[in-house]
Amino acid sequence: MRVLQLGVGSVGEVTARTLASEPEITKVVLADIDAQRPAAVAGKLPAGKAETLRLDVRDTPALTKALAGVDLVVNAVIPELNLGIMAACLETGTNYLDMAAAGPRDVVGTADVDEELALDADFKKKGLTALVFFGIDPGGSDVFARSLYDQFDTVETLTILDGDNSCVDGVNYAPSFSPSTMVEECLILPPYAFENGELIRRRPLSTSLEFTFPDPVGRLKVWNVDHEESQLMGRFLAGKGLKKGNFFIALDQSWVDLLLTWRKLGFDHNKEIEFAGCTFRPLDLLVSRLPKSIDLIGKMHGSVCVGALAEGTIGGKRVRRFMYQITSHDQAYEKYGVQGTGLQTGVPAACAGIMLAKGLVKEKGVLAPEQIDPQPFLDLMTTHGTPWAVTDLPPDEALPI
Ligand SMILES: NC(=O)c1ccc[n+]([C@@H]2O[C@H](COP(=O)([O-])OP(=O)(O)OC[C@H]3O[C@@H](n4cnc5c(N)ncnc54)[C@H](O)[C@@H]3O)[C@@H](O)[C@H]2O)c1
């Protein structure tokens, strides 16, 4: 199988290297707007498997040309470009994989989860497969939720929990992924939640709780923020009595205080503001003061845990089961030269691509992580360095949501 890797950032590098380690993947074309990244990563793939290409994905004729002879596009650029890349795949007859959605359309003007899923009939008509939202969260988290769903007789709540206990050398505020995405997710997007058969929206930074993650991560305060899983679990995993589907992520209290102050100052938007004869955009200003994820490589110490908690019953007994993956930032740096989030996201994305290459995903159309067979995906996650685990929590201590 010939793969076109679009975007060779920290996630794209891990995805490309993991894909290339499998015999079914014969070639990986490393394509990026930054000509240096493909060249820097090519030598890390097995001999003869890498090609490099400087490509701006927004240049449709160049993208279409690059798709000639490609079996699978792995999209690790920015989610705002997803629909354009999906359209090019439909045009050229190419399978597709991505790691996150953009949107929502009514708040930020870009395509959300539902617009990608709506292309299902188009991909089916062309006999193609699009694997969408396959990072760690969304992605692995949804597969964990699906696996737990299969184990339970009734499922009342599904909660994705993401906790990171890392500290960063010499930095006050350090988002572990794209600073603009992090600010947008926490401050701007009203988080979706699934409640009693409906999607509701909460005010940003209005709902938090404490959760004890497995060692070495420990107890952290987590906040409800907007994420694909709340929509996906409500859509695909509601059949056993689901009442609540939520996503929570640990945020440093000083980061939350900063964002709430920004909101109190009326800066929770990105429209131009005039000040002292100049104009500025508040979110751009805030993001400009934050380190880029690439600048944090090698400076993050600690671990990140992403998991799904199912609360329901098995055989009439109440069960609370947490299925999770923990990645150490230090080990990710030693092994791949990236921070933990790059490794933890890149490997599951590659696992979905490997399943397609091995014929373990036969379905055509647009498939969310909840829709694939979870076990081969989980086995591949372990094989490729992101092992997962399961633990049962005290049955009577339901999450206070
Ligand atoms: N689901 C998850 O768990 C999860 C977690 C982290 C990141 N992500 C997603 O993974 C993707 C990659 O994240 P990352 O941390 O590697 O980002 P990154 O910024 O490190 O890498 C993105 C790469 O894309 C390239 N790029 C940007 N615009 C381009 C264009 N127009 N044409 C060609 N190349 C372009 C950049 O030069 C860069 O090398 C993003 O879509 C992000 O939202 C998902």
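Residues numbered from 1 in each chain as written. Predicted model: local features only at pLDDT ≥ 70, side-chain atom pairs only at ≥ 80, totals over all residues.

## Points about the environment of Asp142
Tracing the backbone through its elements, the reader meets Asp142 in helix 8 (residues 140-151). Measuring from C-alpha to C-alpha, the distance between Asp142 and Ser230 comes to 9.6 Å, with 88 residues separating the pair along the chain. Once residues within four sequence positions are removed from consideration, Asp142 is found in contact with Glu229, Leu232, Ala368, Pro369 and Glu370. (Helix = DSSP H or I, 4+ residues; strand = E, 2+ residues; numbered from the N terminus. Contact = placed C-beta atoms within 7 Å.)

## A few points about helix 14 (residues 340-357)
Between the first and last C-alpha of helix 14 there are 26 Å, a value that for 18 residues agrees with the 26 Å anticipated at 1.5 Å per step. Burial analysis of helix 14 places 18 of its 18 residues in the buried class, which makes it a mostly covered element. At the exit of helix 14 stands Gly359, carrying a positive phi of roughly 75°. (Expected span 1.5 Å × (residues − 1). Buried ≥ 20, exposed ≤ 12 C-beta atoms within 10 Å, placed from the backbone.)

## Considerations on the site of the ligand
Around the ligand, the surrounding shell holds 32 residues, and the nearest of these are Gly7, Gly9, Val11, Ile33 and Gly135. When contributions to the shell around the ligand are tallied by element, the ones reaching two or more residues are helix 1 (10-20) and helix 14. Residue composition of the shell around the ligand, by class: 15 nonpolar, eleven polar and six charged. Of the residues that make up the shell around the ligand, three or more belong to each of domain 1 (2-131) and domain 2 (140-337 + 387-393). (Near = placed C-beta within 6 Å. Nonpolar A, V, L, I, M, F, W, Y, C, P; charged D, E, K, R; others polar. Domains from an automatic or database assignment.)

## Here's the deal with the packing of helix 1 against helix 14
Between helix 1 and helix 14, whose axes approach to 8 Å, the crossing angle comes to 40°. One way to sum up the angle between helix 1 and helix 14 is to call them oblique. Crossing angle aside, the handedness with which helix 1 passes helix 14 is right-handed. Seen from helix 1, the contacting residues are Ser10, Val11, Glu13, Val14, Thr15, Thr18 and Leu19; seen from helix 14, they are Gly342, Leu343, Thr345, Gly346, Val347, Ala349, Ala350, Gly353 and Ile354. Of the residues contributing to the contact of helix 1 with helix 14, the split by class is eight nonpolar, seven polar and one charged. (Axes fitted to C-alpha atoms, helices over the stretch in contact; angles between N-to-C directions. Parallel < 35°, antiparallel > 145°, perpendicular 65-115°, else oblique. Left-handed = near helix turned anticlockwise from the far one by under 90°.)

## A few points about the domain arrangement of the chain
Domain assignment breaks the chain into domain 1 (2-131) and domain 2 (140-337 + 387-393). Taking the mean C-alpha position of each, domain 1 and domain 2 sit 25 Å from one another. Contacts between the two partners involve eight residues from domain 1, matched on the other side by nine residues from domain 2. Where the side of domain 1 that touches domain 2 is concerned, the elements lending two or more residues are helix 1 and helix 5 (105-108).

## Topic: the nonpolar core
Counting residues in each nonpolar core, the largest one holds 115 residues, and the members touching the most others are Val28 and Ala130. The greatest single-element share of this core, amounting to ten residues, is contributed by helix 14. Residue contributions to this core reach at least three from each of two domains, namely domain 1 (2-131) and domain 2 (140-337 + 387-393). Apart from residues lying up to four places away in sequence, Val28 is in contact with Val3, Gln5, Ala16, Leu19, Ala20, Leu45, Lys49 and Ala50. (Core = buried A, V, L, I, M, F, W, Y, C linked by C-beta atoms within 7 Å.)

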